[in-house]
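# Structure at a glance
Below, each chain spelled out in residue letters.
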Protein chains: 4
Amino acid sequence: NTHLLNLFFLFMHLQLIGSGAAAQVITSRGTHGNYLTIQLGSALGAVFGIFVARGVSGAHLNPVYSLSLCVLGRHPWRKLPLYSLSHLVGAFLGAATVYLQYYDAIQAFSGGELLVAGPNATAGIFCSYPADHLSFWGGLVDQVVATALFLLCCVALEDQQNGPLPDGLHPVLVGALILTMGVSMGSNCGFPLNPARDLGPRLFTFVAGWGEEVFKAGGGWWWVPIVAPFVGGLLGTLTYEVLIEAHHQTTPQSPQQELEEVVVDSGNNR
Amino acid sequence: NTHLLNLFFLFMHLQLIGSGAAAQVITSRGTHGNYLTIQLGSALGAVFGIFVARGVSGAHLNPVYSLSLCVLGRHPWRKLPLYSLSHLVGAFLGAATVYLQYYDAIQAFSGGELLVAGPNATAGIFCSYPADHLSFWGGLVDQVVATALFLLCCVALEDQQNGPLPDGLHPVLVGALILTMGVSMGSNCGFPLNPARDLGPRLFTFVAGWGEEVFKAGGGWWWVPIVAPFVGGLLGTLTYEVLIEAHHQTTPQSPQQELEEVVVDSGNNR
Amino acid sequence: NTHLLNLFFLFMHLQLIGSGAAAQVITSRGTHGNYLTIQLGSALGAVFGIFVARGVSGAHLNPVYSLSLCVLGRHPWRKLPLYSLSHLVGAFLGAATVYLQYYDAIQAFSGGELLVAGPNATAGIFCSYPADHLSFWGGLVDQVVATALFLLCCVALEDQQNGPLPDGLHPVLVGALILTMGVSMGSNCGFPLNPARDLGPRLFTFVAGWGEEVFKAGGGWWWVPIVAPFVGGLLGTLTYEVLIEAHHQTTPQSPQQELEEVVVDSGNNR
Amino acid sequence: NTHLLNLFFLFMHLQLIGSGAAAQVITSRGTHGNYLTIQLGSALGAVFGIFVARGVSGAHLNPVYSLSLCVLGRHPWRKLPLYSLSHLVGAFLGAATVYLQYYDAIQAFSGGELLVAGPNATAGIFCSYPADHLSFWGGLVDQVVATALFLLCCVALEDQQNGPLPDGLHPVLVGALILTMGVSMGSNCGFPLNPARDLGPRLFTFVAGWGEEVFKAGGGWWWVPIVAPFVGGLLGTLTYEVLIEAHHQTTPQSPQQELEEVVVDSGNNR
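Everything in this summary refers to the structure shown in the same document. (Residues numbered from 1 in each chain as written. Chains lettered and ligands numbered in written order. Predicted model: local features only at pLDDT ≥ 70, side-chain atom pairs only at ≥ 80, totals over all residues. Heavy atoms only, no water.)

### Re the interface of chain D and chain A
The interface is formed by 36 residues belonging to chain D together with 40 residues belonging to chain A. In total, chain D and chain A occlude about 3,200 Å² of area from one another, counting both sides; carbon and sulfur atoms represent 69% of this. Looking only at chain D, the three residues that lose the most surface to chain A are F48(D), Q101(D) and D104(D), adding up to 20% of its buried area. Applying the counting criterion to the chain D and chain A interface returns 0 salt bridges. Put simply, chain D and chain A have 9 residue pairs in polar contact (both at pLDDT 80 or more) between them. Elements represented by at least two residues in the side of chain D that touches chain A include exactly helix 1 (2-27), helix 2 (35-53), helix 4 (80-101) and helix 5 (103-110) of chain D. Top contributing element to the side of chain D that touches chain A by residue count: helix 1 of chain D, with 10 residues. (Contact = heavy atoms within 4.5 Å. Buried area = accessible area lost by both parts, 1.4 Å probe. Salt bridge = Lys/Arg side-chain N within 4 Å of Asp/Glu carboxyl O. Polar contact = N/O pair within 3.5 Å; in protein donor to acceptor, adjacent residues only side chain to side chain. Helix = DSSP H or I, 4+ residues; strand = E, 2+ residues; numbered from the N terminus.)

As structure tokens, then:
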């Protein structure tokens, strides 16, 4: 049932804010929020998603994070597929709930047509599309850089050796980190960062009436926010290992360190 | 006198921000704030309402929360009517104070006419009205979903087993949760969430000169923000019980758990 | 030298943000901020003013707070005049520094004329003026209500019996409280709340070239933000005493309570 | 390798937000953020830069801070040149990464021309330029005042005698301080505050195609944000020593105080 929680987490994260905040701003044509409130939504969605799920060991925020832990040998590879599937299903169901909640608003806004591009487009409520100026390589670079920094900071926040955090501050800081991404790396392609959170809702919009255009748009953009975050995530995690972790290891301070390597799996409850 | 505190809490919560922030933005026609400052107002009103009342055991934020505790057997049913009445009276008095404080501004803004709809409408300062696009069922769905998530998160934040919170962070997080609702679920009908906070001020506007239109508007909308939050609140509370609490109980960790079930009532001091 | 600190506190509080943030938004005609950033400025100015001064016992934020403590018998009356004078001088010097820092900007904005009213007015950077719609009685009510709530919350945040706060959160919450005032009670007359912070800068603008219009404007408005906050402050403090403190005393829990009444004076270090 | 961390810190600080947030708002012509999101970016960049580096003793945020510690005898002078060089290189590389990430956006925005002034200017993404209204002396005053307040608050936040902070709150407060600067002292010349963060990116833009105009603009403005922060920083640090530290020393409370003077150097890990 950790899988259920992972599923539920993304369901809620997505539903609550990531997409709800975007739906609100887009369908109200900016009268009920602006770019900042959308980012606050994404951030606060993560905060409360983590607060709800944090008590249950093993819940992860992001498949990229799960993969990084597997690569570092801190999480069993065999669990990865089911984790990722839970994320995907949760994100799909979350998108469906947002559509349900904003059904009237989306219909009124778009005149009943579910479009991927143009002034009445609503597909951007659910998943990422590149800005007109963005080239293929530009999108890859953007996502690799953004996810690298995102994961590097995530790992740093969890590194007890790097300085303790008061219990309860961690979820808030993860939210602040997502806000950071939104205000500084959001204009190229909307900082997907999370493959499940991008693909799940894209599948939903494909099924729900936006059609195959959701995969064709941006010159077949859909796979970039799936592949690039994994590359960036590994890069960020390894950078932290080399830059900071390695530094810790050259100055060992307590036997607690060895201990930690034994129990790492149970401790990664996000 | 816990009733008095409940009354006072909503009085303050409403007066301070929920309605004050809306009055400020509406009557200044957006020169002294925007959609985000209204949401910040609602959130910060709750924060300081809780900080003022938190020392006194038994103060509840919301009749929906009280009802959920009754259903779960953690709060005596006999206290529910008086609690709800206190909430209602507090919200009514809070609305009256906001009207007093913004009397000149409302008169100047509306040209002396107290209207429920149109560009010079001021009834929306005090309680919720549906957006033009919202259908009857859409409003019900919106409020059930929003209150379910709201209560689920409220219960999670209070669940000590789910991870402790530093003292003093809890009220801040409840405020952040209200902000979350405002930025992601506010454009359909203004996220009432709280039946007392919606009905009390509506009664005030009925009495104070807006007239029976406050009940007729939106096709008789007034009862939706009373009924739907109770349905959503129960749904959210039960979801948490099933999803997380149940998970805790399958992995008991300490005798503290049994203890908690005995003293639950005294511990719910919000 | 506590007086010096009080002086310095208001100097900094004013200079840093209260007026600097307003100067920035007004002279940039909204390109470098908006209503929200002005309120954030006021709030953050208080936060860092308190963080700088908090280590030194006896520093107070506001003459209204000092007076309330005197009335409650928790602060010696004889200290009140010098405290208030320090506040006044600090606020005067703070205003002078803001004028120095924004001298070029104010000259460019106003074409060299220092005006109190009209589209190129700059006096509002430094102290409060009523909105056009505000009547005399409306202004009194607004300030009494606002300061009552402000002081009530200030006293609640300091009441250890009402629930402890993590060290370091208190200054942040006072800032949040000022933000609250700004977003929900700022459009009538700019929430002065603090007589010294209003009169000191007004005296500076009188001397610096805005002339006697700073006292004549708004039908002789200048004394309202001096008198009304004292009335509201006492009202708020007494409300808390009656509503919450009294409740604590009917349910004594520990001998710590009697102790506290002896050492109250040294403990009020703000 | 503390140098490496200093380098990396500024790289990240700059790349993540300081410049990324500005690039986003400028190249999207305000559709993906506003003045406030740029300031949030600067603030959050510092927050996460500190969280990543805080575990490693000796990492400093700002050459001005390093110099102040040297002057106060708390940091060896011989380390200053390499520290400053690391900062400079980090900021240069950070600017390069932002340019890489926003290459497509900058090209589309500016039509391929890299300009320092005018409506399509992009140089302001990377370093500070004075507003049109700002005189030479006005710029000096602005930067001396701003950096003095900045350093004064930084030193106060680190002064354990002035009141403890919960672990984990310190980086957040430094971020809030940077936000404070941005909302109240940002419109004259963009609050550089940090010589390395201004000169490094300026050198990058010089090399990358903006040309020598980056040094000629504003009447040879470039050296003001290098010299003035050092003057202001020393002023702020000394003010704190005189005003608060001196006050502590006249009221010694514990033997911990003497101890602290011995180990000061190892404790200044920022």
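### Some remarks on the packing of aromatic side chains
Scanning the model with the defined rule gives 48 aromatic pairs over all chains in all. Aromatic pair Y99(A) and F204(A): ring centres 5.8 Å apart, planes at 65 degrees, arrangement edge-to-face. With Y99(A) in helix 4 (residues 80-101) and F204(A) in helix 8 (residues 195-210), the pair connects residues that are 105 residues apart, well separated along the chain. On the basis of relative accessibility, which here comes to 12%, the residue Y99(A) falls in the buried class. Pairing Y99(B) with W210(B) gives two aromatic rings, centres 5.3 Å apart and planes at 65 degrees, and the pair type is edge-to-face. You can see Y99(B) sitting in helix 4 (residues 80-101) and its partner W210(B) sitting in helix 8 (residues 195-210), a full 111 residues away along the chain. The class of W210(B) is buried, set by a relative accessible area of 5%. (Phe/Tyr/Trp six-rings, centres within 6.5 Å; stacked < 30°, edge-to-face > 60°. Buried < 20%, exposed > 50% of the residue type's maximum accessible area, 1.4 Å probe, protein only.)

### Description of the interface of chain D and chain C
Tallying the contact residues gives 40 residues for chain D and 36 residues for chain C. Of the roughly 3,100 Å² buried at the junction of chain D and chain C (both faces included), carbon and sulfur atoms supply 69%. In this assembly, chain D and chain C are joined by 0 salt bridges. Along the contact surface separating chain D from chain C lie 9 residue pairs in polar contact (both at pLDDT 80 or more). Residue composition of the side of chain D that touches chain C, by class: 25 nonpolar, 14 polar and 1 charged. (Nonpolar A, V, L, I, M, F, W, Y, C, P; charged D, E, K, R; others polar.)

### Topic: helix 4 of chain A
Its 22 residues place the ends of helix 4 of chain A 32 Å apart at the C-alpha level, agreeing with the 32 Å of an ideal helix rising 1.5 Å per residue. Those residues of helix 4 of chain A that fall on the buried side of the exposure criterion are L80(A), Y83(A), S86(A), H87(A), G90(A), A91(A), G94(A), A95(A), T97(A), V98(A), Y99(A) and Q101(A). (Expected span 1.5 Å × (residues − 1).)

### Topic: the relation of the copies chain D and chain C
Once chain D is rotated about the relating axis by 90 degrees and shifted along it by 0.0 Å, it coincides with chain C to within an RMSD of 0.0 Å. Both chain copies can therefore be described as sitting about a four-fold axis. Closest to the rotation axis within chain D is the C-alpha of P166(D), separated from it by 5.1 Å. In this assembly the copies use different faces: only 2% of the residues contributing to the interface of chain D also contribute to that of chain C. (Least-squares fit on C-alpha atoms with pLDDT ≥ 70 in both.)

### Some thoughts on the pattern of salt bridges
Residues and elements named next belong to chain B. The tally for this structure, following the rule as stated, stands at 12 salt bridges over all chains. The residue R74 makes a salt bridge to E241 at a minimum N-O spacing of 3.8 Å. Within this pair, whereas R74 is found in the loop between helix 3 (63-71) and helix 4, its partner E241 is found in helix 10 (residues 224-250), the two being separated by 167 residues in sequence. Residue classification places R74 among the partly exposed residues on the basis of a relative accessible area of 24%. Exposure remark for E241: the relative accessible area of 18% places this residue in the buried category.

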